[in-house]
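Each chain is listed here by its residues.
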Amino acid sequence: MVTGVPNSISVRDFNVWYGDLHALTNVSIEIPFRDITALIGPSGCGKSTFLRGINRMNDLIPSARSTGEIWIGDRNITAPGTDVVELRKDVGMVFQRPNPFPKSIFDNVAYGPRVHGTTDRSRLSAIVEGSLKRAAIWDEVKDVLHKSAFELSGGQQQRLCIARALAVEPQVMLMDEPASALDPISTLKIEELMHELKKDITIVIVTHNMQQAARVSSFTGFFLSGELIEFDESSVIFTRPHDKRTEDYVTGRFG
Amino acid sequence: MDGAQTRKSFDEELQEMKQDILKMGSVVEEMLAGSVKALRDRDVALADEIIAKDDVVDEYNLTIEQHCLRLLALQQPMARDLRMIAAGLYIIKDVERMGDYALDIAKAAKKLAGMAPVKDLVKIPQMGRIVQRMLHDSLHAFVNHDVEAISEIAREDDEVDALYREVRDEMIALIEGDPKLALRAVELVLVARYLERIADHITNVGERIAYMETGQIRELH
């Protein structure tokens, strides 16, 4: 297990069931602060279920229930009474397919701050500009802020969605296959952006692309059949993993 | 799908790479045995045969290196596959150097064949036999993923080092007794030194096998 790194997300004996299906079993993990952690594993291994646990998205699935605790800093986000709207402000999420709102580029980014009470026009403009700059898309859209977000390319839409998440200043960013629908250049732009963002934000990314996990992350967790099999520095996972199941998966010898 | 079958063509390519390294090593083994024999038997024709084989080794070196680079670029290997290809790239450099030393021994054999012998050669052929066995065992350990064989290689390297020092001391004594023997004695010290260096390169191969199998770099000498 990784030691000596300040922890941002502390998960203790986390279990998730969908009805009778035990989707995650006793997952404990310390996800390092302001760094990138990748979660890998075959389809159905529980990695996305785990990711959705970190911002309580599983609550939206009627048959889902969970046990165990997830702490972000000194806050137990699995405690009853947790304000999930407030939680999702601190824990942003980016999905596989870019999902901009059917609004202008400006209004997409201003949406979160407005929901959380910012109404001042110049304050909103500053947030929109700052967020688009942090998402490395400002130069491409600064002259067309009032055009529909749907006029952007897929890669631009995804960076817009990242800007939208950044607008409410999250501490954590969850990314579920953020580049799997994008072309290689757009993918590299997202990856480069992640490297910038990790200076301020803890990023957890689920990816099926092993090379991407190796390129972007400092730490990698391998899930199999709902269990966290191995968690270590990515350089260890991809060059000399300790568990044979991890080795079989990362070398593509997995049945 | 059966796990072992998911990367069948890649596995075949890795096998081919390993077999090529084994073939390259076999040529160097022949060069090594032949060059020491040519020295002992004062056989110029054999020495010439050995010298000609160096091109074969260089050709293998280039071909295997290209193959490894192609696998890195096209297959994006991870973990044990990555370690094996990285080990392969290092090992061919060591084996290529061993070939160069065998070539130097063959050249020395040719030079010494034209002069009167200084003494019966015992220790140098003994070193040659040990080094040849070490090379054979190390390359089979690479192909068979046999990390256990490495400690034997390290032990034999110590034996070769000791024999080298004995040859050197004998030759110093010879030169001190009769300075006219100096040229031939120095040539023999160099041959012993080449063999000692070959053994060092073989221990490098052993270190790479250990890395390939365990992921840990381990110094053997």
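The structure under discussion appears in the preceding block.
Being a predicted model, the structure only gives us computed values, none of them experimental. (Residues numbered from 1 in each chain as written. Chains lettered and ligands numbered in written order. Predicted model: local features only at pLDDT ≥ 70, side-chain atom pairs only at ≥ 80, totals over all residues.)

**Student:** Account for the interface of chain A and chain B, naming residues and giving values.
**Tutor:** With 14 residues of chain A at the interface, the matching set in chain B holds 14 residues. For the side of chain A that touches chain B, the secondary-structure elements that each account for two or more residues are α8 (210-216), α9 (234-239) and α10 (244-250) of chain A. The dominant element in the side of chain A that touches chain B, judged by the number of residues it contributes, is α10(A), at three residues. When its residues are assigned to classes, the side of chain A that touches chain B shows five nonpolar, five polar and four charged. (Contact = placed C-beta atoms within 7 Å. Helix = DSSP H or I, 4+ residues; strand = E, 2+ residues; numbered from the N terminus. Nonpolar A, V, L, I, M, F, W, Y, C, P; charged D, E, K, R; others polar.)

**Student:** So, the packing of helix α6 (residues 154-166) of chain A against helix α7 (residues 184-197) of chain A: which residues are in play, and what are the values?
**Tutor:** Residue and element names in this part refer to chain A. At their nearest, the axes of α6 and α7 sit 9 Å apart, and the two run at 20° to each other. Considered as vectors, α6 and α7 are oriented roughly parallel to each other. For the pair α6 and α7, the crossing hand works out as right-handed. Here G154, G155, Q158, R159 and I162 of α6 come into contact with α7, specifically with S186, K189, I190 and L193. (Axes fitted to C-alpha atoms, helices over the stretch in contact; angles between N-to-C directions. Parallel < 35°, antiparallel > 145°, perpendicular 65-115°, else oblique. Left-handed = near helix turned anticlockwise from the far one by under 90°.)

**Student:** Let's hear about the sheet that holds strand β9 (residues 219-224) of chain A: which residues, and what values?
**Tutor:** Residue and element names in this part refer to chain A. Taken in spatial order, the six strands line up as β6-β7-β8-β3-β9-β10 in an open sheet, and their pairing is mixed. A strand with exactly one partner marks an edge of an open sheet, and here the two such strands are β6 (91-94) and β10 (227-233). Ignoring which end each strand starts from, the neighbouring axes of this sheet average 20° apart. The strands touched by α6 are β6 and β7 (172-176); relative to β6, the strand with the most contacts, the crossing angle is about 170°. (Pairing = 2+ DSSP bridges.)

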